[in-house]
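# Residue-level structural notes
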Amino acid sequence: MRKRKANEDHDSSFTGTLLDGSDLKQCHKKTDAASDPGGSGTAMGRRCRRGGLMWRLRRILIWVLGIYIAIPVIIKLCPAIQAKLVFLNFVRVPYFIDLKRPQDQGLNHTHNFYLQPEEGINIGVWHTVPTVMWREAQARDPEWFDKSFQSNHPVILYLHGNAGTRGGDHRVQLYKVLSSLGYHVVTFDYRGWGDSEGSPSEKGMTSDALFLYQWIKQRIGQKPLHIWGHSLGTGVATNLVRRLCDRGTPPDSLILESPFTNIREEAKSHPFSMVYRYLPGFDWFFLDSITANDIRFASDENVKHISCPVLILHAEDDTVVPFQLGKKLYDLAAQSKSLNGHKVQFIPFSSALGYRHKFIYKSPQLPNILSDFLSATLPHM
């Protein structure tokens, strides 16, 4: 009896302590042994379960904290990881589409082909003719599409953003809109994206865009050629246009959809950085790692050297590239001496419309916006 009383006293002291792994094993044994009609086993079971839950939560918290600390350290030690996160060229959405067959995406007046901006690098290109040429374009060979540039229709060179390919759904829908408005649309995957060869870099993306621009220019002569960039593609677009303006050969206009000022400000504003934004050393861990990869996309600097009409389109509910970055870029462009005498326009889209980061193509006002900006009557369908 005295021994049993001692055991009961020992059990009662257990309620005020945090259980570790060995305690839990003992707890299970005691719970089994104490299952009596008086209900003491049930109470012990509840205490054991509470202790076990606290122990598991503590382990999870330690793991989460460890990962949280490890990520910035790993990125600092391996800055190439940060470059991958900027470009996201390994994210191919939608999956399982054949980029050689644009007709599978509803673009049956589009020609797929490949160009070589430099030795050893082949990039995939799509050329969509204006909708008015749709019937004539059926079952045509590459030579016909090449000669179609001689028509009177203007051309838009479209520079897409990060992730995905030239076959992304929101991109395809914009090609269809622009084609219906009477434009040739030429788009491509930068080196390292889609079925294009090579590895991504800001310099390489800009070189590819310049090569395509010159390739188109050789075919259209003095006919209008506009440059349209979206998201990360706006950084490529301003790089390209600055280079063209420095040469004294500016394009007819520059259209920026959901642009940012520079990659450091965009990275700091991106939703993925939210959990680290106020971490001491955020710039050193994350932003300096981007700069170490020679990635700048400094549109805020580029607009000081651009001398052609500029149109900026931005949705107020854009969560990827915040609206205020597009507005800030417009303010800088409006004050740029190089843009004096050129039209600089900013078109906001209300949050109520739900266009967010990539659905401005849905706006029924887009044809009127383009018509007003370009100061010309668009060809009819």
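Presented here is an overview of the structure given in this document. (Residues numbered from 1 in each chain as written. Predicted model: local features only at pLDDT ≥ 70, side-chain atom pairs only at ≥ 80, totals over all residues. Heavy atoms only, no water.)

### Quick look at the overall build of the chain
For the chain, the count of helices and strands is 14 helices and eight strands. Relative to its full complement of 381 residues, the chain shows a buried share of 47%. Of the contacts formed within the chain by residues at least 6 apart in sequence, a portion of 74% connects residues at least 24 apart. Accessible surface for the chain amounts to roughly 19,200 Å². Of this, 56% is attributable to carbon and sulfur atoms. (Helix = DSSP H or I, 4+ residues; strand = E, 2+ residues; numbered from the N terminus. Buried < 20%, exposed > 50% of the residue type's maximum accessible area, 1.4 Å probe, protein only. Contact = heavy atoms within 4.5 Å. Areas by Shrake-Rupley, 256 points an atom, 1.4 Å probe, with all protein chains shown as cover.)

### Considering the side chain of serine 231
Within the element layout of this structure, serine 231 appears in the loop between strand E5 (225-230) and helix H9 (232-246). The buried category is assigned to serine 231, whose relative accessible area is 7%. If we skip the residues at most four places from it in the chain, serine 231 touches Gly161, Glu257, Ser258, Phe260, Val321 and His357.

### Some thoughts on the pattern of salt bridges
As enumerated under the stated definition, the model contains 14 salt bridges in all. Ionic pairing is found between aspartate 195 and arginine 166, a salt bridge with its closest N-O pair at 2.8 Å. In this pair, aspartate 195 sits in the loop between strand E4 (184-188) and helix H8 (202-220) while arginine 166 sits in the loop between strand E3 (155-159) and helix H7 (169-180), placing the two residues 29 residues apart along the sequence. A salt bridge links lysine 268 to aspartate 283, with the shortest nitrogen-to-oxygen separation between them at 3.5 Å. Of this pair, lysine 268 sits in helix H10 (residues 263-269) while aspartate 283 sits in helix H11 (residues 282-292), placing them 15 residues apart in sequence. (Salt bridge = Lys/Arg side-chain N within 4 Å of Asp/Glu carboxyl O.)

### Quick word on the packing of helix H4 (residues 79-87) against H11
H11 packs onto H4 with a crossing angle of 85° between their chain directions and a minimal axis gap of 8 Å. With respect to H11, the axis of H4 lies roughly perpendicular. Along its contact with H4, which presents Pro79, Gln82 and Val86, the element H11 presents Phe286, Ser289, Ile290 and Ala292. In the contact of H4 with H11, the residues fall into five nonpolar, two polar and no charged. (Axes fitted to C-alpha atoms, helices over the stretch in contact; angles between N-to-C directions. Parallel < 35°, antiparallel > 145°, perpendicular 65-115°, else oblique. Nonpolar A, V, L, I, M, F, W, Y, C, P; charged D, E, K, R; others polar.)

### Let's talk about unusual backbone geometry
Cis geometry marks the peptide bond from valine 93 to proline 94, where omega comes out at -5°. Locating proline 94 in the fold gives a position in the loop between H4 and strand E1 (110-118). Positive phi is not limited to glycine here, since leucine 88 has a value of about 50°. Not every positive phi belongs to a glycine, and aspartate 294 is a case in point at roughly 60°.

### Focus: the packing of aromatic side chains
Think of a pair of aromatic rings as described by two things: how far the centres are apart, and how the planes are tilted against each other in angle. With the rule as written, the count across this model stands at 15 aromatic pairs. A connected cluster of aromatic rings, assembled from ring pairs, spans Phe87, Phe188, Tyr190 and Trp193. Its end group placed over the ring of tryptophan 284, lysine 76 keeps NZ or CZ at 4.2 Å from the ring centre. In this arrangement the basic side chain of lysine 362 is found over the ring face of phenylalanine 359, its NZ or CZ atom lying 4.7 Å from the centre. (Phe/Tyr/Trp six-rings, centres within 6.5 Å; stacked < 30°, edge-to-face > 60°. Lys NZ or Arg CZ within 6 Å of the ring centre and 35° of its normal.)

### Description of a nonpolar patch on the surface
On the surface, a cluster of nonpolar side chains totalling about 470 Å² of accessible area is made up of Leu53, Met54, Leu57, Ile60 and Val64. With respect to the helices and strands, isoleucine 60 occurs in helix H3 (residues 40-77). (Patch = residues over 30% accessible without salt bridge, like charges linked within 9 Å, V, L, I, M, F, W, Y side chains within 5 Å.)

These values are about where atoms sit, not about what they do.
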